[in-house]
Each structure stands twice: as structure tokens, then as C-alpha cells.
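Listed below are the residues making up each chain.
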Number of protein chains: 4
Amino acid sequence: MAGNSFGTLFRFTTFGESHGPAIGCVVDGVPPRVPLAVPDIQHWLDRRRPGQSKFTTQRQEPDSVEILSGVFEGQTTGAPIGLLIRNVDQRSKDYGAIKDQYRPGHADYAYDAKYGIRDYRGGGRASARETALRVAAGAIARKVLRGVTIRGAMIQMGADRIERAAWRWDVVEQNPFWCPDQAAALRWEEQLGAIRKAGSSIGAVIEVVAEGVPAGWGEPVYDKLDADLAKAMMSINAVKGVEIGAGFEAATLSGEANADEMRMVGGQPAFLSNQAGGILGGISTGQPIVVRFAVKPTSSILTPRRSIDRFGQEVEVTTKGRHDPCVGIRAVPVGEAMLAVVLADHYLRQAALQAGAGAALSE
Amino acid sequence: MAGNSFGTLFRFTTFGESHGPAIGCVVDGVPPRVPLAVPDIQHWLDRRRPGQSKFTTQRQEPDSVEILSGVFEGQTTGAPIGLLIRNVDQRSKDYGAIKDQYRPGHADYAYDAKYGIRDYRGGGRASARETALRVAAGAIARKVLRGVTIRGAMIQMGADRIERAAWRWDVVEQNPFWCPDQAAALRWEEQLGAIRKAGSSIGAVIEVVAEGVPAGWGEPVYDKLDADLAKAMMSINAVKGVEIGAGFEAATLSGEANADEMRMVGGQPAFLSNQAGGILGGISTGQPIVVRFAVKPTSSILTPRRSIDRFGQEVEVTTKGRHDPCVGIRAVPVGEAMLAVVLADHYLRQAALQAGAGAALSE
Amino acid sequence: MAGNSFGTLFRFTTFGESHGPAIGCVVDGVPPRVPLAVPDIQHWLDRRRPGQSKFTTQRQEPDSVEILSGVFEGQTTGAPIGLLIRNVDQRSKDYGAIKDQYRPGHADYAYDAKYGIRDYRGGGRASARETALRVAAGAIARKVLRGVTIRGAMIQMGADRIERAAWRWDVVEQNPFWCPDQAAALRWEEQLGAIRKAGSSIGAVIEVVAEGVPAGWGEPVYDKLDADLAKAMMSINAVKGVEIGAGFEAATLSGEANADEMRMVGGQPAFLSNQAGGILGGISTGQPIVVRFAVKPTSSILTPRRSIDRFGQEVEVTTKGRHDPCVGIRAVPVGEAMLAVVLADHYLRQAALQAGAGAALSE
Amino acid sequence: MAGNSFGTLFRFTTFGESHGPAIGCVVDGVPPRVPLAVPDIQHWLDRRRPGQSKFTTQRQEPDSVEILSGVFEGQTTGAPIGLLIRNVDQRSKDYGAIKDQYRPGHADYAYDAKYGIRDYRGGGRASARETALRVAAGAIARKVLRGVTIRGAMIQMGADRIERAAWRWDVVEQNPFWCPDQAAALRWEEQLGAIRKAGSSIGAVIEVVAEGVPAGWGEPVYDKLDADLAKAMMSINAVKGVEIGAGFEAATLSGEANADEMRMVGGQPAFLSNQAGGILGGISTGQPIVVRFAVKPTSSILTPRRSIDRFGQEVEVTTKGRHDPCVGIRAVPVGEAMLAVVLADHYLRQAALQAGAGAALSE
């Protein structure tokens, strides 16, 4: 069971390499009669697209998506939705030099150990190019999820974290970092400029938030909503850590400080804090769902690094291709998309459960 | 698709509530002719068993496991292995008082929102009682995984972290915290004694490590080894964060500091550091696999907390049952078990891939 | 991925051997708040139970089922339902003689080839004993399916087929064959008596019918309702053929004769015939769903048969254990149960689809 | 969980409608280093392609397949294989007349009941066009299966069955029916010519056979090899029945006549007959695997038929498009392909089991 599908009821399967002719995606399980057209997907692809500032790789990919099936007269039909994006700017010659070398921090060595063969051009299947399809699937998930708002932001670059008090969602769209803190964005601009010029790279932390999710989504005990979210985020290239709500900070808290108290507010149950990040027992509580993940620095850097090649020879590796000084930036739309697909899946799973239960009740 | 199964080729399914007659587990996909007997499983169950020190719940459960199928004359047959553990010390009367109340930080409210019905006795399906079955499945996974050593330790209690330089594996077995740092264990004994007497609780961080995993396990791109590990750990009760290798620390690093360099050592590829935690591109590299997770403090505390009941009335809740002042302690064997089951699954998945590829090679 | 689970949203997993201590089942995905108690399941188990006439094996198994989880105060909770049936009358000594021999027509040889080890007592995992759990899962599926009537009958024994014009459902309960044609039942009584005395056996054809299934269940294109039914029936021990509606007869028909015409009757769409057996394009049409399957004769017979043993020696095999002269009889309740579980699964799958679509419509 | 994927370890997912821009397929789980190029797939697509004789629909589709991923320098890489086939000859105007009508025997009514929306052009997702992708996936499965020969034949048209004694595999390629009996082929040519001219249609029975499958493939108890084959065949458009080995004939046999005896032949286990069709207990026995399935007559016929439209009006329907007088003909390559994909899946599943078991043995 190879791992190129994600989700259960809302499920997508992707294919394609960085420097092959195209990448593509089949989104299965989309309910019928959901309005859908190319711009609904292209909008989110454009946000992820590289080459939009000097802080992301200069590879120029229009990422024009084609809907091949599953939509008829502007609505989904319930049939699988086939999506295709042709690769345009492959520039394979950049990669010939490292064809037999294992770049430190990359998947080269692991792929060879696993498969005994590797499409070395631009990282092949291990390339972040694949994340475009996550964004496309996420765009469809957003259409399925009505009343849910999904947003993300980069909240830390290197060791420099934003001030949470300064968080403004409108600022996120106004700087190349998706940073919600204007002062931090200005600092990062300077810092990352220097890192880029030095041919180095830096890590980041992303936070994605879903508002409007009702209580009741998530399947105990192994498909908990937070378990599926952890898998979703950790499956994104370069991610090394995931946390929900208070996250690792929860380890330092007392039971009194950690448990969110409840009161009735306006006749509705309300929580007085959100240490839980909107999930208890693996099930959504109705509070905003808050997920953070850490992105390591790109390993494609100009400084020569010690490594070996596939013949067991020791080598020095320098990666000369076009790369991201802070790949965390482009992870923001990808994290949002993964949050959307997990929620769409659990929305449908809960719908099935409730439909069955409702029937029983009226017995 | 309800969520009570875990894994693909090595797959277990569990059932049972905290205060029902029994809990049980079906482990499917265990290869035939693996030596297996009750003590192989009981050994690990005994490590997780509550009531072994004053720092874990005083509920007395022998957790005697019965093998109902799948083993014949001391060996697995390839048929599913049914396991049963009878509940003994349910003491339901402790829970009547909170039958209609939503305990802050517990899953009570979320379960009611999801199912419209709840077995409130001892947390029902949401109880940590279910983790005994993870440990049982993990014990079988360890038998499948030859040459792999899986160990765990508690490395932080509250804000107090161990000294990594002081790490000694033999110390782990000599204190009630599975703590590898003798000095830290002594400090914790005092601290947790005070917390316990105050009827409060505290969080913790656990680290689990697998040594002996060859390069090549893990399935790009959505079933990456680290993605499956993140799901596995986050699915454990009370876990709020998961990280691999450098984890969240990776966000603060430069590309030079983060990427593990390679050299040939004794004719074999060797890494000069392990920031990656043994996984690159979602595939094991042959280095030790290092996973950490954060466990929140138990929400069952003696201090009255504000909440509501299922009738929408505001209430004060005090949990009087037997509970763990630091539930992270018991999470150590559970985390080890989840590491084992994920590895057993990916071992078999890689075996299938290699068998197919090998056939092709000789064509 | 071992094959001991069946279904997607309504999914059960079984374990247990013919002569082990117990057999059991986990039914996952049952919606909450469905009324359920032991008699709801025991009723159907009693129908399948062997030893009720001289025409089924004389093994005496009370098949008393215990519900271990997932039910609270008379209702399902949405948690997995654990079921346990202790084996009582194993009489293992019957089987020692054939421990190393491959009984012709049995799975002995194939199991050894696959697993390299075999629990030879009473057929082990290959025994029809496992079908009790299908019936138990089917009983729960019936509770989930409201308004659907599922019935079955044996319509052919050997070459002797019933008269369809003589079909009376009330007759089915009045003879040991579940035969709907009184005259046929009388003939079979005589015929099967002779076969039993001769230590021989005979095959049969079973028909199971579901009435009250609305149009719209089934998932194109690979999980068509009829495809899942074909798998369900063919997975029953000794089944060698499955057909829907006109089945193999459809091969002989012209397009005019085969396609069911439609008219409006009482303001509702109505079909004028049911060659399709209630399924078109893999989706239910609202007509009765009609499935037939062929059951081969038991291979456990008294006549010595040529075979080999596991050491490659040629042997003569006679099976002396207690067996069924026409195992098709006991396949009737099993076929009904498999029809029920497939329908319950597709009911929930369609509910998920409709819930998602409904949401979209109101956009 | 929508149903557009098939298989577990060897798994393909398809998309595309009859009259959309393209159809496509993702084949996941193909082991690495299997030699693969476009002609390996195109060869089998060409066999299925319509318009090659006057007995199949005159729609002209070149069915040129493009490999978009997963193959590098002539070998599979272990990454998912994306396949794309552009639709060329859609001729949508043929279908406008029946846009709102439910054609008797078609899936029109069922699709509308399920989805509430339907791509009516050429049957949309319900079209047999989708079977081209089964053939493509089957072509890759054949490359994975070394040493296995898979062949098929049409053995009955209407009520006219071939003489089994006259079976010659070389004849199969020499007539437009894939008929192995020369005399039958001549009869059918005349009969089907008349049926075609009359604008009518006729059903058929197909037999597919796999030789060279070793003993041991198939997963008891719910994923039996025959159960998966039954699902595979029944999922093909227009199939109404499936049987293995003696099939429905087994119902008429005595235990003595049905059970295949064994002897040692040339030092190897050998069966003296093959009533079982190569499968016992759901596991292959090493004998040829024999599967038959019944294909109903196309419902697209020139004779006006009574039906209704989506507005509840009674109508007469005549289907004027290009169609197959005996769609069973084109089902032969499709049945072969489905046999291949099921076998490739179970080959890999058994490989995983054996790899795990082998490891255990050497312990």
C-alpha cells in the first residue's frame, strides 16, 4: 500500500515528479452539486506559486490547473475530479551535477536505499512541487466546507517569533512572509535578505487556524481529529514538528492552568480559554482549531557540505539550483490546504454517523 | 469509517470501555511462524499497569491478557490474533456524581456533541484504559521486528528537563518516572509528591527511540514514516505535540546547522549528526529514529473548576476518582508501543515493495 | 493487509478458529443510539446454529454471544462493538488422523502453501465456524437498516430446483432447508436423507432478497453495490458462483428482453420487470435486490479419496468428523447476513454523500 | 469513501467521463525497477479499442496513452504512475435527445437518484469508456506478474456455447469475438450480423484464465482470492454473474465428483481435476485460475422502449448512438485486465507475508 493517497471519505491521490511532463491529482468523494470551476482552485494555487518574491525559488511555474472530470455545467457530479498541471520550467541541467551525489539533508540517500532507483531531476517525487496538488485538493475541500474559515500565518522565522498581541490577519496578506505582525515582517525582510545573499537558509514555524468548525468532528480513538492533523502536517516536506493548541507548552502546565473552563454565554456553551486548540478526546469542541508546525531550513545551500555518492565515495556537495531561503514561507498555503482536507474528510465522516444515528432515533 | 483500527499491513483494531466487562484487540497481518506466547505480551502490559507507584492511579487492574486465536503450538499462524483483557476494578460509583457534568479538559462535552450518548463511567471509550491494548499490539510488533531496539524515557516533567549528557538507559528502569537522568528523577520525586498531595497534576515530555531500523522504511508522500509516527503519538490520550529529531528546534537553525553530513565509516555510509531524527523525505535513513511528544496534565484534579452540565446549567466540577498526577509517566510504554506498531507496519510495506522489485530485477 | 475485515463505513473484523477457545468480532462504524441488546443478535445466531436437524453437522455449539462494548443502557454509543462467542464442543480428537494429510476439496494444502503452518483442528481459520460472526455482524446491520426486509431461501439442491411459482415465504420457516417450495422440500428430505446415509454430500443454490432499499445506494465504479455483493457472497466458505437478477441467464437474452422498462405507477417511478435484480450501474434502483449464489458440496465425505500428505506421500483420505451433507442449508442465514452488512455499509456511504450534497445545495 | 480506486497494495484510481476532455488513471504500489514504456500499455489498449470490427461501436478513439510520472529511464521508480488518455471522438450531439430521459437498462435513473445531477453525455462516468483504464492498469499488472500467463475468451453468445473440446487458444486471435472454437465463431458471425442489422443486442459469457500462479495467493477470510475476483469482474459494466471453476455447476455435484483429488506427479503435488478453478479456501492452489462472467446485452437498442423522464413523464426511448450489438466482445480484454490487477495485488500481499515470515523463521 503505497502512500500517495490522503483521506478516507474525502480522499485525494496525486502523482508527478518535479521535472516530469506534469503533476496531477484525483479528488474522490466530493459530494455532488458543489459549485466548482477552475478559478476556485487557481486562486489558491496562485498563492502558493513560487517566484512571487525574491524570498522564494525563482522557478517560474504558472501552475495552470485543468479540470478533466467530475464537474458538469459548473457543479460537481459526485464523480472523481481529475486535475492536471503541466510542468513548464524544468531546467533539468541544473541537477546533472548531483545525479550521483547524496545532498545532505535531502531525501536522496533514503530514496536510493528504498527504491534502488531515483529520478534525481529536481528531487523527483520528493520535490515540494507535489505540494501544489495539496493546495488544489484543499481548494476543493474549502468548497465542501461551508461556514468554515481557514487561515494561516508564519509566526516565527529562525528564533525570531512574532508578538501574539500584534497579530492582525489583514497584515498577513501585505508582506511576503504571510506574517501577521507588521514589525516582525520588517525584521524578517532584512534578516532573510542577508541569509539569501549568503546562500544559506533558515527554518520557520507556521500556525493554521480553522474557525466555524462545529463540535463533534473527529473519530476516536486512532483517527482522532488531532491525530489526522498531525499526520497531515508532518507529511508536508521539511516539517519536523506539529502541535495542537498549547502544544509542547502544555507539558509545563498544571492541570488547573491547562483545562479550559466552560460557561454558558448567550445561552450557548462557551470555553473561557483555548489551551486545547479546539480538540478534546480527538473531537472538535466548537472552538477554533489551532495547529502549529515547524519547518526546517532548506538543505539546498551554497556552502559546500560533506557527503558521499552512490558509489560510496566521499564528496563535497554544493546545491546550485534555484531554491527557497526560507521554505517555510511557501508552507503557509500548504498547511492551510492540509487543514482543509482533514476537516472536509471529518465533516463527511461525521455526516455519515449522524445520518445513521438520526435514522435510529426516529425508530 | 470509524477510527478504531490502526495500521495498514500490520493492523490492529480495539474495543472496550473503561468500565465495561472487558477490553480487547484484534491484531491482523502478523506474519506466520513468529514465536508468540502470553508472557511476550504480559511483560509489556505489566510495565504500563497502573498502581505500581504512588505516582500513578491506584486503580488495581491485573491486565491479564488472554490469546484467543492466531497462535498454534507457540507460533503465529497468519490468522488474526484476538486478545482479551477482563476489567476487574471498575468501581463505578466514583463516577455517578459527574454523570451529567462536563469535566473541563476532558472529552465529555465533545463526546456528547458527537454521539448524543455517552458511557460516562470512567471516561468510557475515551479512557486511557484503551492504551493497554496499544501496548499489547506493540508487544506483538516487537516480535515481528527483529534486530530493532525500542526504548522510551520521560525527559521533562513540567518545565524541568533532564540533562541530555546525564542520559543513562539503565537508570530508566530504576525510578518510577522512566527518567534517564538520576538527578532529575530525584527532583521529580519531590515535586510530584507535592503536586499529588495538592490534588493537582502536571504535564511531561516523552522521548522514544528505535535503533536498528535499516534505511528504506516509509512511504512517500502521504504515508511518510514521520507522518505515521506523528499520527500514532498524537492519537494517544492527552498528547498535544509531536516532533521528530530536532523538531521545533529545527525552525531556529540555518541550513548548514540542520543538514546532517555524511561520510564513509568502516566502509559504510554514516551520518555525522542526527538532526533529522533518522528520517529524510519520509523514509528511514538507518540512523536512530527519535520521536518526542508532549503530554498535557491530567484534567482530573481536586480543585473545583467552572463548567456546565448537559442541561446547560453552570456547575463547579471536582473530580474525586483515582487519577494520575502525571499521566505522562504511563505514556512512556504506550509511546514505545506506538513506535513499534508503526515500524512493524512499514517493515512489512517495504518488504512487499522489495519483493516485487527483486522479482523485476531478475527479469 | 490481511483480510479479516469487511466493509468500509460499517466494518467488522473477526478472529477465531474452529477449535480455539473462542471466536469474536469487532463491529465498527455502527451509528450511536441504535437500540441493541443480546437477543437482537442471538435470534439470528440461533437460526444458523448447527445441530438443529439431522441435515446439519451434529456439533453442539450454543453460540451464546456476549456484548463486551459499544452498548450502554440498551443503545449503541458509536464506540466499536466487541462480540465474543466461546467455543464449547471442540472434540479435537476427531481431527488428529488428518493432521498431516491434505483433504481433497479442503483448504489444507493451500493454507500450508501460504503460511507454512496450519491449525489443523477442525479446519482452523478456514472452518465455517467463522460464519457465526458474519451472522452476528449481520444482525447489527439489520438494526441499522430500517425499513429494509432481508430474507433468504435455498432454491436448488443438487440439480433439483424449486418451482418459482410455488414460492411461499412462510414455507421457508417450516422445513429444515429454508425451502420456499413445499413440494421441493419434501423431495429434498428424501434425497438428502439418502445422501447423508451414504456419507456423501451435495451442492445447493441460495437466493437472498432485500426489499425496501431506496434508489441510490452503491458507489461507482469499483465499489458498485453488485460488486461488493459479489465479493461478500464469494467470501463465504464453499461458494463458487454469484449472480444478480437474471445473472447468467442474462447472457442468453436480447437487449429487448433484458432491459427493464419503466412507467409511472401511483405517481411513482416503477419498473415493469426486474431482470436487473434491483441494481443498475452499480446503484440500487429501488426494486428488490436479488442475489443468488452456488454452494459446492462439502468435501468431508466418507468415501476414501486420493490425496497426498505434507511429506509428499500419496494417501487415501476419509473424513470421519461431524459434517453437513448439504452445507448450503446453513449458508442461507449467512447469505442474508452478508447482504445486510453490504447494505448497511452502502446506506452509510450514501448518507455521507447526501449530507455533503445537501449542504452544498443550500449554498 | 467513493469507489474509484481498486486494489490494496497494487492499487489504481481512475477518473474521467465518456465525453469529457480526457480519462486518466493513477497506478500506485508498482514496485520499483520494473521495465515499462508506453508500448507495454498501448498494446493491450489497442486490443480493447472499439471500432475494430463491425461488431463493436464505431466510435473512433485512438486511446493513445501518455505516461506522466513514475517511470524514469525505462523503469518504474516506485512513485505513482499517472496515465492520461485524451478523448477524441465525443460526438455529443448524439445524446441531446435523451438528456432528460431514463434509458431502460441503463444507469440513468439510478445516477439521478444517487447524485441529483448527471453528466448525460455518452453515459458520463457510467460509460464503458472507463474500462480502457482498467486495461491500462492491467497492462502494468502483467509487467509486475512474471511467469503468469493471462488469457481470455468469449465462450458463449446468447444461448450458443462453444464446444470445450474444440478450444484452441490460437483461434482466439483469429476472429472478432475472441472465440476459441472456430465453428462457433463462424456461427456467431452470422447470428450477430443479423442482430446488429435489427438494431438489437445479445449477451455473452467470458472465461479468463491465469496459468503460472503459485500456490499461496489470497487472504482469508474476507479478501479471499475468489472474493476479490468476483468483485473485480462484477464491477465491469454490464456483468451480472461471476463463477470460479465449476461455478454454478458445483451446486449439482456430489462431494465425490466435486473435490479435486491429488497425487504426486514428477515429485510435485498435482491435482487430478480442477473443479475448484485453482482456488481453495480463498487461496490459490497452483492450478490454473478459471473465472467466468456473464455480460448482459447492451440496452442501447433501436426498438422503442417504455420509460419515464426526470420530470415523471412517460416516454418511449430509442437509443440512436453508436453502440455494441454484443458488448461482451469488448469485455474479454477487460476481464483479462481485472484478473491481472487482482493477481498483482495478491502477489504483493503474499510477498509481504512471506518476507515477514521468513524473517521470523531465521530467528
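Before any of the text, the structure's been laid out above.
My aim in this report is to walk through the structure given alongside it, one point at a time.

## Details of the overall build of chain A
Then comes step 1: Counting its secondary structure elements, chain A contains eight helices and 18 strands.
Then comes step 2: In terms of overall dimensions, chain A is globule-like: its C-alpha atoms have a radius of gyration of 21 Å, near the 21 Å expected for 363 residues.
Then comes step 3: In terms of overall dimensions, chain A has C-alpha extents of about 70 × 50 × 40 Å along its principal axes.
Then comes step 4: Of all 363 residues assigned to chain A, the portion counted as buried reaches 71%.
Then comes step 5: Accessible surface, chain A: about 10,600 Å² in total, of which carbon and sulfur atoms supply 51%.
Then comes step 6: Distance between charge centroids for chain A: 5 Å, based on 41 positive and 40 negative side chains.

## Quick look at the interface of chain A and chain B
Then comes step 1: With 106 residues of chain A at the interface, the matching set in chain B holds 106 residues.
Then comes step 2: When chain A packs against chain B, the two sides together hide about 8,600 Å² of surface, and 58% of this comes from carbon and sulfur.
Then comes step 3: When the area that chain A buries against chain B is broken down by residue, the three leading residues are Lys-114, Tyr-222 and Lys-240 of chain A, summing to 11%.
Then comes step 4: The interface formed by chain A and chain B includes 14 salt bridges.
Then comes step 5: The closest approach of N and O atoms between Lys-231 of chain B and Asp-228 of chain A, which form a salt bridge, is 2.8 Å.
Then comes step 6: Between chain A and chain B we count 64 residue pairs in polar contact (both at pLDDT 80 or more) in total.
Then comes step 7: A class-by-class count of the residues in the side of chain A that touches chain B yields 50 nonpolar, 33 polar and 23 charged.
Then comes step 8: Taken together, the three bridges between strand β11 (residues 239-244) of chain A and strand β11 (residues 239-244) of chain B define a ladder with antiparallel strand orientation. Bridge pairing in β11 of chain B places Gly-241 of chain A opposite Glu-243 of chain B.

## Some points on the nonpolar core
Then comes step 1: In terms of nonpolar packing, the biggest core is built from 362 residues, with Leu-343 of chain A, Leu-343 of chain B, Leu-343 of chain C together with Leu-343 of chain D touching the most fellow members.
Then comes step 2: Other than its neighbours up to four places away in sequence, Leu-343 of chain A contacts Leu-145, Val-148, Ile-150, Ala-210, Val-213, Trp-217, Leu-225 and Ile-289 of chain A.

## Considerations on unusual backbone geometry
Then comes step 1: With an omega of 0 degrees, the peptide bond running from Pro-220 of chain B to Val-221 of chain B counts as cis.
Then comes step 2: Within the fold, Val-221 of chain B resides in the loop between β10 (204-211) and α6 (225-234).
Then comes step 3: Even without glycine at this site, Arg-33 of chain A takes up a positive phi of about 70 degrees.
Then comes step 4: Its location among the elements puts Arg-33 of chain A in the loop between β3 (22-28) and α1 (38-48).
Then comes step 5: Residue class for Arg-33 of chain A comes out buried when judged on its relative accessible area of 15%.
Then comes step 6: Despite not being glycine, Glu-73 of chain B shows a phi value in the positive range, around 50 degrees.
Then comes step 7: Here Glu-73 of chain B lies in the loop between β5 (71-72) and β6 (75-76).

## A look at the side chain of Asp-28 of chain C
Then comes step 1: Here Asp-28 of chain C lies in strand β3 (residues 22-28).
Then comes step 2: Buried and without a salt bridge, Asp-28 of chain C has Arg-125 of chain B as its closest oppositely charged side chain, separated by 6.9 Å.
Then comes step 3: Only 2.8 Å separates the side chain of Asp-28 of chain C from the side chain of Asn-4 of chain B, close enough to count as a polar contact.
Then comes step 4: Leaving out residues up to four positions away in the same chain, Asp-28 of chain C has contacts with Ala-2, Gly-3 and Asn-4 of chain B together with Leu-9, Phe-10, Arg-11 and Pro-80 of chain C.

## Remarks on the relation of the copies chain A and chain B
Then comes step 1: With an axial shift of 0.0 Å and an RMSD of 0.0 Å, the rotation relating chain A to chain B amounts to 180 degrees. Seen this way, the second copy is the image of the first under a two-fold rotation axis. Proximity to the rotation axis, assessed at the C-alpha, singles out Lys-231 of chain A in chain A; its C-alpha lies 2.4 Å from the axis.
Then comes step 2: In this assembly, 100% of the residues forming the interface of chain A have copies in chain B that are likewise at the interface, indicating an isologous arrangement.

## What about the relation of the copies chain A and chain D?
Both copies of the chain are related through a single rotation about an axis accompanied by a shift along the same axis.
Then comes step 1: Structural alignment of chain A on chain D gives an RMSD of 0.0 Å, achieved by rotating through 180 degrees and translating 0.0 Å along the axis.
Then comes step 2: Taken together, the interface assignments show that 100% of the residues at the interface of chain A recur at the interface of chain D, consistent with an identical surface on both copies.

## As for the sheet that holds strand β9 (residues 160-161) of chain C
Then comes step 1: Pairing in this open sheet of 10 strands is antiparallel, and the strands run β9(C)-β8(C)-β10(C)-β16(C)-β11(C)-β11(D)-β16(D)-β10(D)-β8(D)-β9(D) from one edge to the other. Edge positions in the sheet fall to β9 of chain C together with β9 (160-161) of chain D, since each has one partner strand and no second.
Then comes step 2: Inspection of the sheet shows strand β8 (residues 149-157) of chain D paired to β9 of chain D by two bridges, in the antiparallel sense. When the bridges of β9 of chain D are listed, Met-157 of chain D appears paired with Asp-160 of chain D.
Then comes step 3: Sheet strands in contact with helix α5 (residues 182-197) of chain C are β8 (149-157) and β9 of chain C, and its direction is about 55 degrees off that of β8 of chain C.
Then comes step 4: Across the sheet, helix α6 (residues 225-234) of chain C touches β10 (204-211), β11 (239-244) and β16 (289-295) of chain C together with β11 (239-244) of chain D, and the angle it forms with β11 of chain C is around 155 degrees.

## Regarding the pattern of salt bridges
Then comes step 1: In this structure the tally under the stated criterion is 120 salt bridges over all chains.
Then comes step 2: Between Glu-261 of chain C and Arg-305 of chain D there is a salt bridge, with the nearest N and O atoms lying 3.8 Å from each other. Remark: Arg-305 of chain D occurs in strand β17 (residues 305-308) and Glu-261 of chain C occurs in the loop between α7 (255-258) and β12 (262-265); the pair is interchain, linking two chains. One exposure class covers both Glu-261 of chain C and Arg-305 of chain D, and it is buried.
Then comes step 3: When salt bridges that share partners are traced, they join Arg-103, Asp-108, Asp-112, Arg-118 and Arg-310 of chain A into one network.

## Side note on the environment of Tyr-347 of chain C
Then comes step 1: Topologically, Tyr-347 of chain C is positioned in helix α8 (residues 328-361).
Then comes step 2: When its relative accessible area of 15% is taken as the criterion, Tyr-347 of chain C is described as buried.

## Some details on the packing of aromatic side chains
Then comes step 1: The full count for this structure, using the stated rule, is 46 aromatic pairs over all chains.
Then comes step 2: Each ring, one from Trp-167 of chain D and one from Trp-169 of chain D, has its centre 5.1 Å from the other, and the planes form 70 degrees; the classification is edge-to-face.
Then comes step 3: Here a set of aromatic residues connected by ring pairs shows up, and it is made of Phe-6 and Phe-12 of chain A together with Tyr-222 of chain B.
Then comes step 4: The ring of Trp-44 of chain A has Arg-142 of chain A sitting right over it, with the charged end atom 3.5 Å from the ring centre.

## A few points about the pairing of strand β18 (residues 314-317) of chain C
Residue and element names in this part refer to chain C.
Then comes step 1: Along β18, the buried face is formed by Val-315 and Val-317; none of Glu-314 and Glu-316, which line the opposite face, is buried.
Then comes step 2: Alignment of strand β17 (residues 305-308) against β18, held across four bridges, turns out to be antiparallel. Note on β18: the bridge partner recorded for Arg-306 is Glu-316.
Then comes step 3: Here β17 hands over to β18 after five residues, with Gly-312 in that stretch at a positive phi of 80 degrees.

## A short note on the interface of chain A and chain D
Then comes step 1: Contacts between the two partners involve 43 residues from chain A and, on the opposite side, 43 residues from chain D.
Then comes step 2: Summing both partners gives a buried area of about 3,400 Å² for chain A against chain D, and 62% of it is carried by carbon and sulfur.
Then comes step 3: For the pair chain A and chain D, the interface holds two salt bridges.
Then comes step 4: Between Glu-66 of chain A and Arg-86 of chain D there is a salt bridge, with its nearest N and O atoms 3.1 Å apart.
Then comes step 5: At the surface where chain A touches chain D, the tally comes to eight residue pairs in polar contact (both at pLDDT 80 or more).
Then comes step 6: Mapped onto the side of chain A that touches chain D, the elements with two or more residues apiece are β2 (11-15), β3, β4 (65-67), β6 (75-76) and β7 (81-86) of chain A.
Then comes step 7: The leading source of residues in the side of chain A that touches chain D is β2 of chain A, at four residues.
Then comes step 8: Residue composition of the side of chain A that touches chain D, by class: 17 nonpolar, 15 polar and 11 charged.

Reading the values: rules and limits
Residues numbered from 1 in each chain as written. Chains lettered and ligands numbered in written order. Predicted model: local features only at pLDDT ≥ 70, side-chain atom pairs only at ≥ 80, totals over all residues. Heavy atoms only, no water. Helix = DSSP H or I, 4+ residues; strand = E, 2+ residues; numbered from the N terminus. Rg over C-alpha atoms; globule rule 2.2 N^0.38 Å. Buried < 20%, exposed > 50% of the residue type's maximum accessible area, 1.4 Å probe, protein only. Areas by Shrake-Rupley, 256 points an atom, 1.4 Å probe, with all protein chains shown as cover. Lys, Arg positive; Asp, Glu negative; His and termini not counted. Charge placed at Lys NZ, Arg CZ, Asp CG, Glu CD. Contact = heavy atoms within 4.5 Å. Buried area = accessible area lost by both parts, 1.4 Å probe. Salt bridge = Lys/Arg side-chain N within 4 Å of Asp/Glu carboxyl O. Polar contact = N/O pair within 3.5 Å; in protein donor to acceptor, adjacent residues only side chain to side chain. Nonpolar A, V, L, I, M, F, W, Y, C, P; charged D, E, K, R; others polar. Pairing = 2+ DSSP bridges. Core = buried A, V, L, I, M, F, W, Y, C linked by side-chain atoms within 4.5 Å. Least-squares fit on C-alpha atoms with pLDDT ≥ 70 in both. Axes fitted to C-alpha atoms, helices over the stretch in contact; angles between N-to-C directions. Phe/Tyr/Trp six-rings, centres within 6.5 Å; stacked < 30°, edge-to-face > 60°. Lys NZ or Arg CZ within 6 Å of the ring centre and 35° of its normal.

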